[in-house]
Amino acid sequence: MKKKERRLGTKPGTILAFVAPYYIVFFTFTILPVIISICISFTNFNGMQKPDFVFMENYEWLFLEDNIFIKSIGNTFILALIIGPIGYLLCLMFAWFINELRPRARAIVTLIFYAPSITGSMYLVWRAIFSGDAYGYLNGFLMKLGVISSPIVWLRDEQYILPIVAVVGLWSSLGTSFLTFIAGFQGVDRTYYEAGALDGIKNRWQELWYITLPIMRPQMILSAVLSITSAFGVGTIVTQLAGFPSTNYAAHTVINHLQDYGSTRYELGIASAIATVLFVVMIVSNHVIRKLISKVGN
Amino acid sequence: MKKVKYRPKRLNRSLAGDIWIGIFLFIFGAFMALPMIYAICTAFKPADELWVYPPRFFVENPTLSNFKDLFRILDDSVVPFSRYLANTLFVSIAGTLGHVVLSSMCAYALCKLKFKGKKFLFNLVVLSLMFNTAVTAIPNFLVMSKLGWIDTLWSLVVPAFGSSLGLYLMKQFMEVMVPDSVLEAARIDGASEFRIFFRVVMPMVRPAWLTLIIFSFQGLWNLANTSYIYREDLKPLNYALNQVLSGGVTRVGAAAAAAVLMMIVPIVLFVFTQSKIVETLSTSGMKD
């Protein structure tokens, strides 16, 4: 009898051997840091001495006293709104259009659109394009057209930094979420389209809205999650293009502000409070967006 | 009789629409590709073309001198180029291997074995897809120093094992592609779970582990973040090449050569695995 019962399930030891190695690493480097970060955010901690508990002081400081934090939140939201939703819609649109191509062309065009997100060190090129002297490509081009008479210092001028960061961010945002869309479009069974045509679908827009999008809703959700997560994480682009900090904090994001407190001033309590705020913002926006997408096509 | 070649009729497609799509893809494709074309052109420009005014986009007399410059600069550095390359190769390969094995095993247990709490464990991974790891930089440093991994390559290799996207994709793919009946048959034949996993499941999910390999490798190859590594001889290749990049105007050609060398590897890998990656992602959807 006993032997028979054991055959039904897998031995706990075996399950542990499968699950534990991954989850030990995952807990140590993903979950534990979040918990530590939340804990530190309620303390005054410089990394060397024992942290003392100050409860909400760090948050009060950030929201009531620190003007640059408020500015960085604003910049982060502007960038996230541009790179998130617009980037997401671009991913969807490009994937849709690419899906209309023949297989060979499809593979090549997919590569062209995806490549920017996997080339790590392209900032050099963007710096050359937006270079502030007459040798910069954009300056050279605009001066040749006669739009401007003297070169503009693009990456040092408050007016232009944020839009430029947004453009470069969009350029490199067609990553995994874009490929997910490509896969989603290819996964739709042709017979649905044939059935749809019989039911009175007249053009490709209707086909997209009434057939394709509802079928690939699960892909849309994963894609949205990945887009939002990376949109709120903009930081390196700013540092690489506009320096640290950018002129008058024109493109200073929450991530930059976190780095400032964390690695320049060793105010780990405040830095962790920033991290916690950003963490909450990301989780909440992800849930909101998931709710929104579940309404598509209904 | 003339043979009529059958071509499936494309439903609801107008020629005008096709043309607009072509124009649209061409314009945006050019915008996407220009920076990379620029980098390639610059890498092959001789010195006199780099400094011509007004600036010229395309290269006229391609030369390899920038690549020679790059290798000369890297040879002159305190740490030889081969050392940086070895570091990056070690981190990329070890990190990727560990990630594929650990997350595949775990994904198998999460979708095919029965035990308590597996839903909770998986939801944690899904939750972690929703925040950027940039927010955990500080506690991660504290964890690394507690482990004594500062200034070791393990600080870059081991965290890669636990990447959450890989586990997520693998689990979703197994759920669709590995039928329970096959596993049952193997169990009745008396095969152990480990044997089933390595001999039955892994061959069935080849597209998924290729995808995991590519995603993981791309991330690790491009790693320039050295907040855990201060010893010069342990730093990754991308860090060394970024130093060339920040070397000022005289090095623009060499820097472009460096950028081209760095981007070749992930792009070539993607070209060969694109169809497998798309196949894997087709099962990747998230339920609402």
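Residues numbered from 1 in each chain as written. Chains lettered and ligands numbered in written order. Predicted model: local features only at pLDDT ≥ 70, side-chain atom pairs only at ≥ 80, totals over all residues. Heavy atoms only, no water.

## Here we look at the interface of chain A and chain B
What counts is decided by this rule: Contacts are assigned to residue pairs with any non-hydrogen atoms lying within 4.5 Å of each other. Buried surface area refers to the total accessible area, computed with a probe of radius 1.4 Å, that the two partners give up upon joining, counted for both partners together. A side-chain nitrogen of Lys or Arg and a carboxyl oxygen of Asp or Glu constitute a salt bridge if their distance falls within 4 Å. Residues adjacent in sequence count toward polar contacts only when both atoms are side-chain atoms; beyond that, a polar contact is any pair of N or O atoms within 3.5 Å, and within protein one must be able to donate a hydrogen and the other to accept it. For the purposes of this entry, the term helix denotes a DSSP run of H or I that reaches at least four residues, the term strand denotes a run of E that reaches at least two, and both are numbered from the N terminus.
Between chain A and chain B, the contact holds 96 residues from the first and 99 residues from the second. Between chain A and chain B, roughly 8,400 Å² of surface is buried when both sides are summed, and carbon and sulfur atoms account for 75% of that area. Of all residues in chain A, the largest losses of buried area upon contact with chain B belong to Phe 18, Tyr 22 and Phe 29 of chain A, amounting jointly to 10% of the total for that side. A salt bridge links Asp 18 of chain B to Arg 204 of chain A, with the shortest nitrogen-to-oxygen separation between them at 3.1 Å. Linking chain A to chain B there are 14 residue pairs in polar contact (both at pLDDT 80 or more). Ranked by the residues each element gives to the side of chain A that touches chain B, the list is headed by helix α2 (residues 12–40) of chain A, at 21 residues.

## A word on the side chain of His 99 of chain B
Its location among the elements puts His 99 of chain B in helix α4 (residues 81–112). Among all residues touching His 99 of chain B, those that are not within four sequence positions of it are Ser 104, Ala 160, Phe 161, Ser 163, Gly 166, Leu 167, Leu 212 and Ser 216 of chain B.

## Considering the packing of helix α4 (residues 67–99) of chain A against helix α15 (residues 268–293) of chain A
All names here are of chain A. Note the threshold: Structural elements are reduced to axes, namely lines fitted to C-alpha atoms, with helices fitted over the stretch in contact, and the angle between N-to-C directions of any two is expressed from 0 to 180 degrees. Small angles under 35 degrees read as roughly parallel and large ones over 145 as roughly antiparallel, with 65 to 115 read as roughly perpendicular and the rest as oblique. Note on convention: the crossing is left-handed when the near helix lies turned anticlockwise from the far helix by less than a right angle, right-handed when the turn is clockwise. Gly falls in the polar group here, along with every residue not listed as nonpolar (Ala, Val, Leu, Ile, Met, Phe, Trp, Tyr, Cys, Pro) or charged (Asp, Glu, Lys, Arg).
It is the contact of α4 with α15, at a shortest axis distance of 13 Å, that shows an interaxial angle of 30°. Taken together, the axis directions place α4 and α15 in an arrangement best described as roughly parallel. The interaxial crossing formed by α4 with α15 has right-handed handedness. Note on element contacts: α15 touches α4 through Ile 274, Val 277, Val 281 and Ile 293, opposite Phe 69, Ile 73, Phe 77 and Tyr 88. Among the residues forming the contact of α4 with α15, the class breakdown is eight nonpolar, no polar and no charged.

## Looking at the domain arrangement of chain B
All names here are of chain B. Test applied: Residue ranges labeled as domains rest on an automatic or database domain assignment.
Partitioning chain B into structural domains gives domain 1 (15–63) and domain 2 (73–281). Distance between the C-alpha centres of domain 1 and domain 2: 32 Å. Every contact between the two is made by seven residues of domain 1 and, on the other side, seven residues of domain 2. When domain 1 packs against domain 2, the two sides together hide about 580 Å² of surface, and 90% of this comes from carbon and sulfur. The interface formed by domain 1 and domain 2 holds zero salt bridges in total. On the surface where domain 1 and domain 2 come into contact, there are zero residue pairs in polar contact (both at pLDDT 80 or more). Broken down by element, the side of domain 1 that touches domain 2 gets its largest block of residues, five residues, from helix α1 (residues 15–43).

## What about the confidence of the model for chain A?
In plain terms, the rule: pLDDT expresses how confident the predictor is about each individual residue, on a scale running from 0 to 100.
Considering every residue of chain A, the mean pLDDT works out to 84; 96% of them sit at 70 or more. Long-range and interchain partners of residues 1–7 of chain A, a stretch whose pLDDT sits below 50, account for one contact in this model, where long-range means more than four residues apart.

## Observations regarding the environment of Ser 163 of chain B
This is how the line gets drawn: Relative accessible area decides the class of each residue, using a 1.4 Å probe on protein chains only: under 20% of the type maximum gives buried, over 50% gives exposed, and in between gives partly exposed.
Note on placement: Ser 163 of chain B falls in the loop between α7 (154–161) and α8 (164–177). For Ser 163 of chain B, a relative accessible area of 29% translates into the label partly exposed. Not counting chain neighbours up to four residues away, the residues in contact with Ser 163 of chain B comprise Tyr 22 of chain A together with His 99 of chain B.

## A look at the nonpolar core
Here is the rule: In these notes, a set of buried Ala, Val, Leu, Ile, Met, Phe, Trp, Tyr and Cys residues joined through side-chain atoms within 4.5 Å is what counts as a nonpolar core.
Counting 188 residues, the largest nonpolar core has Tyr 23, Phe 113, Val 165 and Phe 178 of chain A together with Tyr 108 and Met 174 of chain B as the members making the most contacts within it. In this structure, this core is formed jointly by two domains, domain 1 (15–63) and domain 2 (73–281) of chain B, each of which donates at least three residues. Discounting chain neighbours no more than four positions away, the residues touching Tyr 108 of chain B are Phe 18 of chain A together with Leu 113, Met 174, Leu 183, Arg 187, Glu 193, Ile 196, Phe 197 and Val 201 of chain B.

## Considerations on the packing of aromatic side chains
Condition: Stacked, tilted and edge-to-face pairs are distinguished by plane angle, under 30 degrees for stacked and over 60 for edge-to-face with tilted covering the rest, among Phe, Tyr and Trp rings (Trp via its six-membered ring) whose centres lie within 6.5 Å. Geometrically, a lysine NZ or arginine CZ counts as sitting over a ring once it is within 6 Å of the ring centre and also within 35 degrees of the ring normal.
Taken as a whole, this structure holds 37 aromatic pairs over all chains when the rule is applied. When the centroid spacing of 5.3 Å and the interplanar angle of 45° are considered together, the rings of Phe 44 of chain B and Phe 67 of chain B count as tilted. Placement of the pair is Phe 44 of chain B in the loop between α1 and α2 (47–50) and Phe 67 of chain B in helix α3 (residues 65–76), with a sequence separation of 23 residues. A relative accessible area of 11% places Phe 67 of chain B in the buried class. Plain terms: the ring middles of Phe 90 of chain B and Trp 154 of chain B are 5.9 Å apart, the flat faces sit at 75° to each other, and that makes the pair edge-to-face. Within this pair, whereas Phe 90 of chain B is found in helix α4, its partner Trp 154 of chain B is found in helix α7, the two being separated by 64 residues in sequence. Residue Phe 90 of chain B is classed as partly exposed on the basis of its relative accessible area, which comes to 37%. Each residue in the set Phe 94, Trp 96, Phe 97, Phe 113, Phe 178 and Trp 205 of chain A together with Phe 24 and Phe 28 of chain B is aromatic and connected to the rest through ring pairs, giving one cluster. Sitting over the ring of Phe 122 of chain B, Lys 171 of chain B keeps its end group 4.0 Å from the ring centre.

## Some words on unusual backbone geometry
If a residue is not glycine, its phi is most likely negative; likewise, a peptide bond is most likely trans. With a phi close to 55°, Phe 55 of chain A is a non-glycine residue in the positive phi region. Within the fold, Phe 55 of chain A resides in the loop between β2 (52–53) and α3 (57–65).

## Some words on the pattern of salt bridges
Following the criterion strictly, the structure yields ten salt bridges over all chains and no others. With a closest N to O distance of 3.0 Å, Lys 112 of chain B and Asp 180 of chain B form a salt bridge. Of this pair, Lys 112 of chain B sits in helix α4 while Asp 180 of chain B sits in helix α9 (residues 180–188); the two residues are 68 residues apart in sequence, bridging distant segments of the chain. Look at Asp 180 of chain B and you get partly exposed, because its relative accessible area is 47%. With its nearest N and O atoms 3.1 Å apart, the salt bridge here joins Glu 184 of chain B to Arg 187 of chain B. On the criterion of helical spacing, the pair formed by Glu 184 of chain B and Arg 187 of chain B is a turn pair, its members being three residues apart in helix α9. Salt bridges sharing common partners tie together Glu 100 and Arg 204 of chain A together with Asp 18 of chain B.

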